[in-house]
Amino acid sequence: MIALPQKVLITSAWPYINVTPHLGNLVGSVLSADVVARYYRLSGADTLMVSGSDTHGTPIEVEALKQGITPKKLTDCNHSQVSELFYRWNISFDNYTTTESPIHRTFVQNTLLEIQQNGYIFSQDTQMLYCEHDQRFLPDRFVEGQCPHCGCERARGDQCDSCGKLLEPTLLVAPYCTLCKTPPVVRTTRHWYIDLSKLSEPLSKYIKDNTQLPANVKNFSLNWIKEGLKPRAITRDVTWGIPAPFEGAEGKTIYVWVDAVLGYVSATLEYFQRRGQPEAWREFWFGKDALTLYFVGKDNIPFHTIILPALLLASGQGYNLPWTVSATEFLQFRGQKASKSQRVGIWIDEALAMFPVDYWRFFLIATRPENKDTNFTWTLFADKINADLNDTFGNFIHRTLSFITTKFDSKVPTPTKLDSDDQAILDTIAEKTVQIAKDIENSWLQSAANNLITLSRIGNQYLNTQEPWNLMKTDKERAATIFYVAAQIVKAIAVLTEPFMPTTAQQLWQTLNLPQTVKQSKFTDALVPLVAGHQILKPQPLFHKIETDETKLDQQLTQIRETFPK
């Protein structure tokens, strides 16, 4: 486990809020970050979790045009809705802000002026796609076409989702305007660029020397640099966004890929300004003992290992670079990518209308797509809830606490002599506690969640082997010892569960009649035993079995969608 004290900044990719996030958006970034942030808080680290709504960018403009409203009206409404949904998902942000924040705007503009002064930003005339029908230039998502690298037919002007390559609109084969579908023409306009080629050497060294970066992230990033970093435009010809601060750049705004990644710094700054500690943010961004952890989907790797470090290095301020970037693969739905228009996928508001939040939190982390794309099916979901949560995890806890309630007057029994089997179980609690901590610190969250289930499974096996209910008549002291040991597993589980299923952990904590709240405990409290004679409360089932018929679950989802269509 980590050496304390230290400061830990946890961040998650800023979601575009042109639409409500779906489960795939949630698991790789926001939910993963929350699990890790909760763990570090329990571990005693000075922990801060920040992110925000990406309110700029062409996806917002495109959606606002479709709805016939202003981007500001769209993003204000969606930011409020998404913030509320994250609250209902028990996402423990210290600051969930927005790229429309005045603090963010000022920080981005000042940072870019610093980078320009340091010689990394220049301007030049360039050829851009222009739609004569709509009378506008076509940056990134206003234009689609064939990817020049992999041939994907619907690559966007800024990036190809199929191969992950960053693009320029003029590189697309057979481009067309996404608004009117007509082919654009090429026109000349002036833009400002950051010269990434000047930063190739320090970026390469940072990535090679960073032992915390997962192999998939490191290899992807080094290959990107090997192909050659080129100057990249940081301004665009649209009105919605942060005004470009450069002389002669009137009417232009900052590209969202610059805007959003600098938000990690500004969100930290904003948090401490609101607390009346305007300089405290520096401890997280410049402190030698501070760690910065980023949780993103694999399509966001270059923005966090190349673009953000490049901006921080070019500023010359000495910012801490990302300590690690945990990037998940994609969560697909029955073999398909989530699609709003085709109703493929499950959105985070729909999920909460179907089942309790901890069912979803556990499932998503226990099946987190860490090494390859994963595929959501109702069968898999029902199996994880029914077999793991209800029949294993919930069953062990309920049978243990119910037996103590009915047979030992709701008091943790007094043990006599612990035999080798008992001691082995207590040793296992310590081993699993250390393993779960290690898993979380290495962002192996799927393993951590499944180790939690394994601990409860070991508890069930222990009870089944010892059969204490049969000993109540012949050797009650031995039965008491067995349930004393089982109670220690339950106590450990209450603490270890908090990062994954905070509502369940708190319910269990209250049933154990422990002081304050579970989130105010320490991770090492998992190893602090319940004393003999400790009074517990009557347990209630933590989970219930769910429907397993896929057709019926699809019908339930359809009915829910009719109440709040996407």
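Predicted model only: the values in this text are computed from it and were never measured.

About the criteria used
- Residues numbered from 1 in each chain as written.
- Predicted model: local features only at pLDDT ≥ 70, side-chain atom pairs only at ≥ 80, totals over all residues.
- Heavy atoms only, no water.
- Core = buried A, V, L, I, M, F, W, Y, C linked by side-chain atoms within 4.5 Å.
- Buried < 20%, exposed > 50% of the residue type's maximum accessible area, 1.4 Å probe, protein only.
- Helix = DSSP H or I, 4+ residues; strand = E, 2+ residues; numbered from the N terminus.
- Contact = heavy atoms within 4.5 Å.
- Pairing = 2+ DSSP bridges.
- Expected span 1.5 Å × (residues − 1).
- Arc of directions from axis to C-beta.
- Phe/Tyr/Trp six-rings, centres within 6.5 Å; stacked < 30°, edge-to-face > 60°.

J.: Please give an account of the nonpolar core that cites residues and values.
T.: Counting 111 residues, the largest nonpolar core has I10, L23, W89, W360, W378, F381 and F500 as the members making the most contacts within it. Of the residues forming this core, the biggest block, 15 residues, is contributed by helix α17 (residues 476-497). Contact partners of F381, with chain neighbours within four places excluded, come to F355, Y359, W360, F363, F376 and I546. L166, W257, V296 and I301 belong to the second-largest nonpolar core, a separate cluster that totals 60 residues.

J.: Quick rundown of the sheet that holds strand β7 (residues 155-156)? Include the residues and the values.
T.: Spatially, β7-β6-β8 is the arrangement adopted by the three strands of the open sheet, whose pairing is antiparallel. The sheet is open, and its two borders are formed by β7 and β8 (173-177), each paired with just one other strand. Judged from the three bridges that link them, strand β6 (residues 143-146) and β8 form a sheet pairing that is antiparallel. Its bridge partner lying in β8, Q146 is registered against V173.

J.: Just give me the short version of the environment of T481, but keep the residues and values in it.
T.: Structurally, the position occupied by T481 is in helix α17. Sequence separation between T481 and I225 is 256 residues; the distance between their C-alpha atoms is 61 Å. Those residues in contact with T481, other than ones at most four positions away along the chain, are P415, T416, K417, L418, D422 and Y462.

J.: Which residues make up helix α3 (residues 71-88), and what are the values?
T.: The first and last C-alpha atoms of α3 sit 25 Å apart over 18 residues, in line with the 26 Å expected at 1.5 Å per residue. Looking at α3, one finds that the buried residues are P71, L74, T75, N78, H79, V82, L85 and F86. All buried residues of α3 lie within an arc of 135° about the axis, which places them on one face of the element. Residues of α3 that are exposed and point more than 90 degrees away from the buried face comprise K73 and Y87.

J.: Please set out the packing of aromatic side chains residue by residue, giving values where relevant.
T.: Overall, the coordinates contain 32 aromatic pairs when judged by the stated rule. Pairing F86 with Y96 gives two aromatic rings, centres 5.3 Å apart and planes at 90°, and the pair type is edge-to-face. Highlighted residues: F86 in helix α3 and Y96 in strand β3 (residues 95-98), separated in sequence by ten residues. Across the pair, exposure class does not vary: F86 and Y96 are buried alike. Taking 5.8 Å as the distance between ring centres and 75° as the angle between the ring planes, the aromatic pair formed by W378 and F381 counts as edge-to-face. With W378 and F381 both in helix α13 (residues 378-407) and three residues apart, the pair spans about one turn of that helix. As far as burial versus exposure is concerned, W378 and F381 are alike and both buried.

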